[in-house]
Amino acid sequence: MTFKELKHHLEKNFGTSKLADIAKEMNVSPQVVHNWKSRDQVPYKYVKKLREKVIEQQNIQSVNDPKKNILEYQIYEEDSFLAHFLNYSSIIIKNLKLIILTTILIVALTFIYITFFADHVYRSTATIIPTSETKAGVRGLAAQFGIAKVSEQTDFASEELYPFIINSRTLHDSLLVRKFSTEAFGANKPLYMILGAVDTTNKDRFIADKIYANEKLDRMIEVNQVFNSPVIKLTVYGFEPAFTRDLARAVIDEIDKTQKRFKLANVKEKLQYIQQRVDLISKDLSRAEEVLKVFREKNRNILSSPSLMLEQQRLLREVEVQMAVYITVKQELEFVQIEEVENNSKMAILDEPDKPASRISPQKTRIMIMSFLLAITSSIGLVFIIDGYKKNKNKIIDHMTKNK
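Each residue is numbered by its place in its chain's sequence as written, counting from 1. Two thresholds apply to this predicted model, a pLDDT of at least 70 for residue-level local features and 80 or more for giving and counting side-chain atom pairs, whereas whole-chain, interface and lining totals are computed over all residues. Side-chain calculation: all heavy atoms of the structure are included, whereas hydrogens and water are not.

Some remarks on the overall build of the chain
- Counting from the N terminus, the helices are the DSSP runs of H or I reaching at least four residues and the strands are the DSSP runs of E reaching at least two. Counting secondary structure elements, the chain contains 16 helices and six strands.
- Note on exposure labels: buried denotes an accessible area under 20% of the residue type's maximum, exposed denotes more than 50%, and partly exposed covers the range between, all computed with a 1.4 Å probe on protein chains only. Counting over 404 residues, the chain shows a buried share of 32%.
- Looking at the chain alone, contacts between residues at least 24 apart form 70% of all its contacts between residues at least 6 apart.
- A total of about 25500 Å² of accessible surface is found on the chain, and carbon and sulfur atoms cover 57% of it. Note on definitions: a residue-residue contact is assigned when non-hydrogen atoms from the two residues lie within 4.5 Å. To measure how exposed things are, a 1.4 Å probe is used in the Shrake-Rupley method; for residues, cover is taken only from the protein chains shown.

What follows is the structure in structure tokens.
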């Protein structure tokens, strides 16, 4: 409440207008009232005391005129709210210069930080569709012979495995040695050097830096599978538009190489197994043919003996079975040998990585607006804290002295 409002209420309710009379009515010294007048501000405890006196006075008058009492009480409440508002406004106006300077300082520091020091982040995305190729020939053949290992081989083109492949240390190590050209680090620099691993002379230091670079690379690559579909969404973050796009392309290329490497390992395993089966079945076929040959040489006149003819049919059937198995395995051997030299990609690129047109972070406009609002709020809060400290300085000092 301002001193003018205090004087107005005292004069209106008690007919008091002089400083000495006000001091007497409020039970304080004239010097205190003089301080209120010079600051044009009355402490809240005296406002509360005045309110109690006014209510008491109005209660006495309410017997004669109740409506007047209610009306004056409402006016006083409205004046009290207005007094608080004017009080806070006066504090803000008196310290307006400090508020403006504090706001300008915070906003300027924010602008300098986001312009010169904050990391710029760009984003490049790509859409991948795995192309799984399942061949049942070798697996079915292996299953017939009870070989479960070959029948349950993992398909590395499966969409469920993409997140694990992309986040694997194997793929990251391959990426870290690839070279990229950037404006900040120059042309043809290894990725581990761009991400912080520079000192290659000190082995221990280089290993630690490379681990840090690997962790940083892990945060730069994000992979998500589109719900209820085989589509894979690859997102790569970087500090330059061209570098971000090139890194996304490199990730796709390394995925393809990793899949082909595992595919080749699987094909070699199949090839080794089928080659062993071909050798074994070839021996079984030769043995069956030799048995049939010896039987015919010993029994040249078999037409007269039904039992010899039946035995011959049994031996012929064994040769035919071995021949059929041999032909099947030889065909599969040819298929696997062809698969070994194939170099087909295990995925289709629906959307190639794009070059970002603008950065996603920091968002300068949004940050500046938030900084301005925060600066205004902080500076006003600081002003009220300083004002409260000045008003209660003596009490704070006395409290601290007593505690000591």
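Overview of the pairing of strand 1 (residues 122-130)
- The pairing criterion for strands is at least two bridges between them, as found by DSSP. With seven bridges joining them, strand 1 and strand 5 (residues 232-238) adopt antiparallel strand pairing. Residue Thr-125 lies in a different strand from strand 5, and its bridge partner there is Thr-235.
- In terms of strand pairing, strand 1 meets strand 6 (residues 347-351) through four bridges, oriented antiparallel. Paired with Ile-129 across the strands is Ala-348, a residue of strand 6.

A closer look at the packing of helix 2 (residues 19-26) against helix 3 (residues 30-39)
- Orientation is described by lines fitted to C-alpha atoms, with helices fitted over the stretch in contact, and by angles between N-to-C directions that extend from 0 to 180 degrees. The N-to-C vectors of helix 2 and helix 3 enclose an angle of 110°; their axes lie 8 Å apart at closest approach. As summarised for this structure, helix 2 and helix 3 are arranged roughly perpendicular, according to the angle between their axes. Here helix 2 contributes Leu-19, Ile-22, Ala-23 and Met-26 to the contact with helix 3, which in turn contributes Pro-30, Val-33, Trp-36 and Lys-37. Angle categories: roughly parallel below 35 degrees, roughly antiparallel above 145, roughly perpendicular from 65 to 115, and oblique for all the rest.

Brief notes about a nonpolar patch on the surface
- To count toward a patch, a residue needs a relative accessible area above 30% and no salt bridge. Like charges then connect within 9 Å, nonpolar side chains (Val, Leu, Ile, Met, Phe, Trp, Tyr) within 5 Å. By salt bridge we mean one thing: a side-chain nitrogen of Lys or Arg within 4 Å of a carboxyl oxygen of Asp or Glu. A cluster of nonpolar side chains, Leu-105, Leu-109, Phe-111, Ile-112, Tyr-113, Phe-116 and Phe-117, forms an exposed patch at the surface whose accessible area comes to about 790 Å².
- Assessed through its relative accessible area of 59%, Phe-117 is described here as exposed.

Regarding unusual backbone geometry
- Cis rather than trans, the peptide bond between Ser-361 and Pro-362 has omega equal to -5°.
- Relative to the helices and strands, Pro-362 resides in the loop between strand 6 and helix 15 (364-391).
- For Asn-27, which is not glycine, the phi dihedral falls at a positive 60°.
- A positive phi is found at Asn-188, a non-glycine position, where the angle reads about 55°.
- By secondary structure assignment, the location of Asn-188 is in strand 3 (residues 186-190).
- Its relative accessible area of 53% is what places Asn-188 among the exposed residues.

Here we look at the packing of aromatic side chains
- Aromatic pairing here means that ring centres of Phe, Tyr or Trp (its six-membered ring) are within 6.5 Å. Orientation follows from the plane angle: under 30 degrees is stacked, over 60 is edge-to-face, and everything else is tilted. Enumeration according to the criterion identifies three aromatic pairs in this entry.
- Centre to centre, the rings of Phe-185 and Phe-239 are 5.9 Å apart; their planes meet at 70°, and the pair counts as edge-to-face. Taken as a pair, Phe-185 in the loop between strand 2 (179-182) and strand 3 and Phe-239 in the loop between strand 5 and helix 13 (241-298) lie far apart in primary sequence, 54 residues in all.
- Here Phe-239 falls in the partly exposed class, since its relative accessible area comes to 26%.
- An aromatic cluster of at least three residues, connected via ring pairs, comprises Phe-180, Phe-185, Phe-239 and Phe-243.

Section: the layout of surface pockets
- Both site types are read off a 1 Å grid over the protein atoms alone. A 1.4 Å probe that fits but cannot get out defines a cavity, while an open set with protein on both sides within 12 Å along at least five of seven lines defines a pocket; lining residues have an atom within 4 Å of a point. Grid points are joined across faces, edges and corners, and a volume is the space filled by probe spheres set on the points. One number sums up the size of the second largest pocket: a volume of about 280 Å³.
- Every residue along the wall of the second largest pocket is listed here: Asp-119, His-120, Val-121, Phe-185, Ile-194, Leu-195, Lys-216, Arg-219, Met-220, Tyr-237, Gly-238 and Phe-239.
- Going through the elements one at a time, helix 12 (203-220) and strand 5 are the ones with two or more residues in the lining of the second largest pocket.
- Counted by class, the lining of the second largest pocket contains seven nonpolar, two polar and three charged residues. In the scheme used here, Gly and all other residues not listed as nonpolar or charged are polar, with Ala, Val, Leu, Ile, Met, Phe, Trp, Tyr, Cys and Pro taken as nonpolar and Asp, Glu, Lys and Arg as charged.

What about the nonpolar core?
- Nine residue types can take part in a nonpolar core, namely buried Ala, Val, Leu, Ile, Met, Phe, Trp, Tyr and Cys, and a core is a set of them joined through side-chain atoms within 4.5 Å. Of all hydrophobic cores here, the largest spans 30 residues; its most connected members are Leu-175, Leu-191, Leu-217, Leu-234 and Leu-247.
- The set of elements that each furnish at least two residues to this core consists of strand 1, helix 9 (162-166), helix 10 (169-176), helix 11 (191-194), helix 12, strand 4 (221-225), strand 5 and helix 13.
- Here the element with the most residues in this core is helix 13; it accounts for seven residues.
- Sequence-distant contacts of Leu-234, defined by excluding residues within four places in its chain, comprise Ser-124, Thr-125, Ala-126, Ile-128, Ile-166, Ile-221, Glu-222, Ala-248, Val-251 and Ile-252.
- Counting residues in each nonpolar core, the second largest holds 15 residues, with Phe-3, Leu-10, Val-33 and Val-54 among its members.

A closer look at the confidence of the model for the chain
- By definition, pLDDT measures how confident the predictor is in each residue, and it falls between 0 and 100. Averaged over every residue, the pLDDT of the chain is 80; residues scoring 70 or more account for 82%.
- This stretch, residues 66-79, has a pLDDT under 50; its non-local contacts, to residues over four places away or in other chains, come to 18 contacts.
- Between residues 134-153, whose pLDDT stays under 50, and residues either more than four places distant or in other chains, the model counts 27 contacts.

Some details on the environment of Glu-254
- Considering the arrangement of structural elements, one finds Glu-254 in helix 13.
- Spatially, the C-alpha atoms of Glu-254 and Arg-178 are 10.0 Å apart, while their sequence positions differ by 76 residues.
- Excluding anything up to four places from it in sequence, Glu-254 contacts Leu-171, Ser-174, Leu-175 and Arg-178.
- Identification of polar contacts relies on pairs of N or O atoms within 3.5 Å, with a donor-acceptor requirement for protein atoms, meaning one able to donate a hydrogen and the other able to accept it, and with residues adjacent in sequence counted only if both atoms are side-chain atoms. In this structure the side chain of Glu-254 is engaged in a polar contact, spanning 3.0 Å, whose partner is the side chain of Arg-178.

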